[in-house]
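# Understanding the architecture of this molecule
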Protein chains: 2
Amino acid sequence: MVSAAEQSLGVLIRKLESIAPLSPEERQALARLPFTVRMLSPGQDIVREGDRTTQCCLVVQGWTGRYRLLTRGRRQIFSFHIPGDIPDLESLHRPVMDHSVASLTKTMVALIPHENLRELTASHPGLASAFWRSTLVDGAIFRAWMLGLGRRSAFEHMAHLFCELYLKLRAVGLAGDGRYPLPITQVDLGDALGLSNVHVNRVLQVLRGQKLISLHSSTLVIEDWAALVRISEFDPAYLGLEKQAVL
Amino acid sequence: MVSAAEQSLGVLIRKLESIAPLSPEERQALARLPFTVRMLSPGQDIVREGDRTTQCCLVVQGWTGRYRLLTRGRRQIFSFHIPGDIPDLESLHRPVMDHSVASLTKTMVALIPHENLRELTASHPGLASAFWRSTLVDGAIFRAWMLGLGRRSAFEHMAHLFCELYLKLRAVGLAGDGRYPLPITQVDLGDALGLSNVHVNRVLQVLRGQKLISLHSSTLVIEDWAALVRISEFDPAYLGLEKQAVL
DNA sequence: CGTTGTCTTGACTGTTATCAATTGACGTGG
DNA sequence: CCACGTCAATTGATAACAGTCAAGACAACG
């Protein structure tokens with residue numbers, strides 16, 4: 001049996017190792033972090049726009065997303081966050097949130113006080129640098145999404161997202177063999193892609209019809225990686241991952 | 001007569017002061033930076049996607065933008081950068097560019113070697129923090145643009161951008177009195193907003209027709225700030241500026 | 001076994017893109 | 001000073017992509 005705190009530490013280490021190798025001292029320092037674990041059902045806010053935060057939130061199980069709302073029920077999701085991610089890492093330097101973070105699935109998060117993260121990064125510059133690089137990769141992903149929102153068709157945009165998610169999940173061991181769990185609703189997908197749920201549904205049907213992907217019980221199977229990459233003009237450089245054969 | 005290097009220092013100091021007050025020591029350290037000045041005509045690339053950089057680029061005069069291209073001539077501009085901004089500051093930590101930076105107008109830039117910036121931030125944590133905050137604000141602006149690209153109408157989105165630009169320019173003394181220079185083409189505006197140039201033109205006509213703005217010889221005049229804020233649901237919190245009366 | 005949320009489908013609407021042509025502004029050189 | 005060239009802005013006509021509304025099917029879960 002693995003305790004929740006051990007699991008939190010595990011996903012965090014796995015994520016950081018996907019950015020840079022960790023020294024034994026760095027691992028020990030991470031192990032001393034106090035993780036306060038919380039379970040969430042889908043659709044619960046973890047932090048809200050306008051909140052002044054004093055802790056960060058590490059995703060341990062499930063998916064979360066950052067988002068903002070507009071009038072008339074419009075929502076834009078800015079990013080998906082998977083185990084190992086710290087969606088509100090920026091709150092360390094800008095404590096007042098300009099957006100919200102919510103669970104998209106059943107989720108386990110571990111809360112870590114800013115204080116402890118500050119000590120950690122002050123005494124371990126290598127970890128500070130890994131956290132910063134992770135923030136910059138998030139920024140690169142924002143730009144990739146902007147390109148999709150502004151200039152790709154719904155079809156290309158969705159194909160691009162599925163490529164991105166595959167590499168992101170695989171980097172932390174949550175995908176492989178051309179498949180991964182996609183535990184979110186079509187509404188969430190639409191709010192990330194800037195599309196209506198109806199249109200998401202139709203575009204998914206085309207992607208399946210063209211044998212690019214298939215979906216069975218919330219598992220996405222990539223049936224034709226090369227075609228997905230081609231039509232969405234996907235170039236993985238922005239994700240900052242080590243080069244690795246894809247399939 | 002002000003030398004180009006003095007002018008570079010001036011805009012940089014003004015920008016940093018809009019983020020955090022500077023100590024005399026910090027000013028002196030900034031003054032010791034070597035600025036290599038370059039003049040550019042509109043539409044020239046400063047750094048290109050894929051480049052491995054060894055210096056950063058400070059905008060001294062004119063506007064620049066970050067962008068990426070897709071097939072069929074599609075372009076998405078991710079951000080506008082005005083005097084005082086360092087569009088490729090992130091290259092300090094991720095030297096391989098995942099997008100390009102280009103001049104949008106006649107532009108003066110000052111190049112600063114990474115080396116010198118690293119020395120500067122290592123010996124002046126206050127400056128390091130100001131640079132990071134600036135990077136995080138850029139990230140917040142990305143999210144604001146994503147919201148516009150994904151979920152606002154063209155009309156709302158453009159109104160929102162005009163509000164944002166007013167506050168950004170005013171923060172460094174380049175706007176005031178409800179007006180500012182808007183020296184870019186409708187094509188550039190469209191590539192930032194995810195719209196065709198034709199549609200940009202038509203939306204501009206509506207904005208003028210409703211007496212929200214007017215445009216004379218590349219000067220944008222805000223005729224009805226309150227209405228712009230209302231229709232675009234503009235909330236300036238994300239820009240990280242000090243509170244200040246708007247008009 | 002019914003309730004609830006999610007997915008799916010059809011019909012229709014609307015925003016924005018595309019294509020093509022014209023007008024306008026500005027700088028240059030004769 | 002005017003003719004010309006160039007680039008940006010504007011206009012009109014048409015098409016395409018994606019949204020909205022409404023209803024029904026399906027599936028998970030208590």
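Remember, it's a predicted structure, so these values are computed and weren't measured experimentally.

The subject of this paragraph is the sheet that holds strand β3 (residues 55-61) of chain A. Residue and element names in this part refer to chain A. Across the sheet, three strands lie side by side as β1-β7-β3; this open sheet has antiparallel pairing. Since the sheet does not close on itself, it has two edges, and those belong to β1 (36-40) and β3, each with one partner. Neighbour-to-neighbour, the strand axes of the sheet open up by a mean angle of 30 degrees, direction not taken into account. Lying over the sheet, helix α1 (residues 4-17) contacts β1, β3 and β7 (107-113), oriented at roughly 95 degrees with respect to β3. Its contacts with the sheet put helix α3 (residues 114-123) on β3 and β7, and the angle it makes with β7 is roughly 70 degrees.

When the UniProt feature table is mapped onto this chain numbering, "domain: HTH crp-type" (unreviewed entry) sits at residues 152-226 of chain A. Span residues 152-226 of chain A is 55% helix and 15% strand, its end C-alpha atoms 18 Å apart.

Okay, the protein's contact with DNA strand D next. In the neighbourhood of DNA strand D, 15 residues make up the surrounding shell, with A154(A), Q186(B), N201(B), R202(B) and Q205(B) lying closest. Sugar and phosphate atoms constitute 61% of the interface atoms of DNA strand D, taking the interface as everything within 4 Å of the protein. Q186(B) places a side-chain nitrogen or oxygen 2.8 Å from a phosphate oxygen of DNA strand D. Between Q205(B) and DNA strand D, the recorded distance is 2.7 Å, taken from a side-chain N or O atom to a phosphate oxygen. Mapped by element, the contributors of at least two residues to the surface near DNA strand D are α7 (197-209) of chain A together with α7 (197-209) of chain B. By residue number, the principal contributor to the surface near DNA strand D is α7(B), which donates five residues.

What follows deals with the relation of the copies chain B and chain A. Least-squares fitting of chain B to chain A yields an RMSD of 0.0 Å, with the transformation described by 0.0 Å of translation along the axis and a rotation of 180 degrees. Considering both components of the superposition, the chain copies are consistent with a two-fold axis. The residues that chain B uses at the interface reappear at the interface of chain A in 100% of cases, marking a shared surface.

Moving on, we come to the domain arrangement of chain A. Residue and element names in this part refer to chain A. Splitting chain A by domain gives domain 1 (4-126) and domain 2 (152-239). Spacing between the C-alpha centres of domain 1 and domain 2 amounts to 24 Å. At the junction of the two partners, domain 1 supplies 13 residues and domain 2 supplies 16 residues. When domain 1 packs against domain 2, the two sides together hide about 1300 Å² of surface, and 65% of this comes from carbon and sulfur. Area buried by domain 1 at its contact with domain 2 is led by W63, R75 and F80, which between them contribute 43% of it. Inspection of the domain 1/domain 2 interface yields three salt bridges. The closest approach of N and O atoms between D191 and R75, which form a salt bridge, is 2.7 Å. Taken together, the links from domain 1 to domain 2 amount to eight residue pairs in polar contact (both at pLDDT 80 or more). Listing elements by their share of the side of domain 1 that touches domain 2, those giving two or more residues are α1 and β5 (75-81).

This part is about the sheet that holds strand β9 (residues 213-216) of chain B. All names here are of chain B. Taken in spatial order, the three strands of this open sheet run β8-β10-β9, and their pairing is antiparallel. Bordering the open sheet on either side are β8 (179-181) and β9, each of which pairs with just one other strand. This sheet shows a mean twist of 20 degrees between the axes of neighbouring strands, independent of strand direction. Inspection of the sheet shows β9 paired to strand β10 (residues 219-222) by four bridges, in the antiparallel sense. The partner of L215 across the bridge, within β10, is L220.

DNA strand C sits among 15 residues. The nearest are Q186(A), N201(A), R202(A), Q205(A) and H199(B). The side chain of N201(A) places a nitrogen or oxygen atom 2.5 Å from a phosphate oxygen of DNA strand C. Put simply, the parts of the chain that give the surface near DNA strand C at least two residues each are α7 of chain A together with α7 of chain B. Of all the elements, α7(A) adds the most residues to the surface near DNA strand C, at five residues. Taken together, the residues that form the surface near DNA strand C break down as four nonpolar, eight polar and three charged.

Conventions we followed
Residues numbered from 1 in each chain as written. Chains lettered and ligands numbered in written order. Predicted model: local features only at pLDDT ≥ 70, side-chain atom pairs only at ≥ 80, totals over all residues. Heavy atoms only, no water. Pairing = 2+ DSSP bridges. Helix = DSSP H or I, 4+ residues; strand = E, 2+ residues; numbered from the N terminus. Axes fitted to C-alpha atoms, helices over the stretch in contact; angles between N-to-C directions. Contact = heavy atoms within 4.5 Å. UniProt positions renumbered as here; feature names shortened; annotations may be inferred. Near = heavy atom within 4 Å. Polar contact = N/O pair within 3.5 Å; in protein donor to acceptor, adjacent residues only side chain to side chain. Least-squares fit on C-alpha atoms with pLDDT ≥ 70 in both. Domains from an automatic or database assignment. Buried area = accessible area lost by both parts, 1.4 Å probe. Salt bridge = Lys/Arg side-chain N within 4 Å of Asp/Glu carboxyl O. Nonpolar A, V, L, I, M, F, W, Y, C, P; charged D, E, K, R; others polar.

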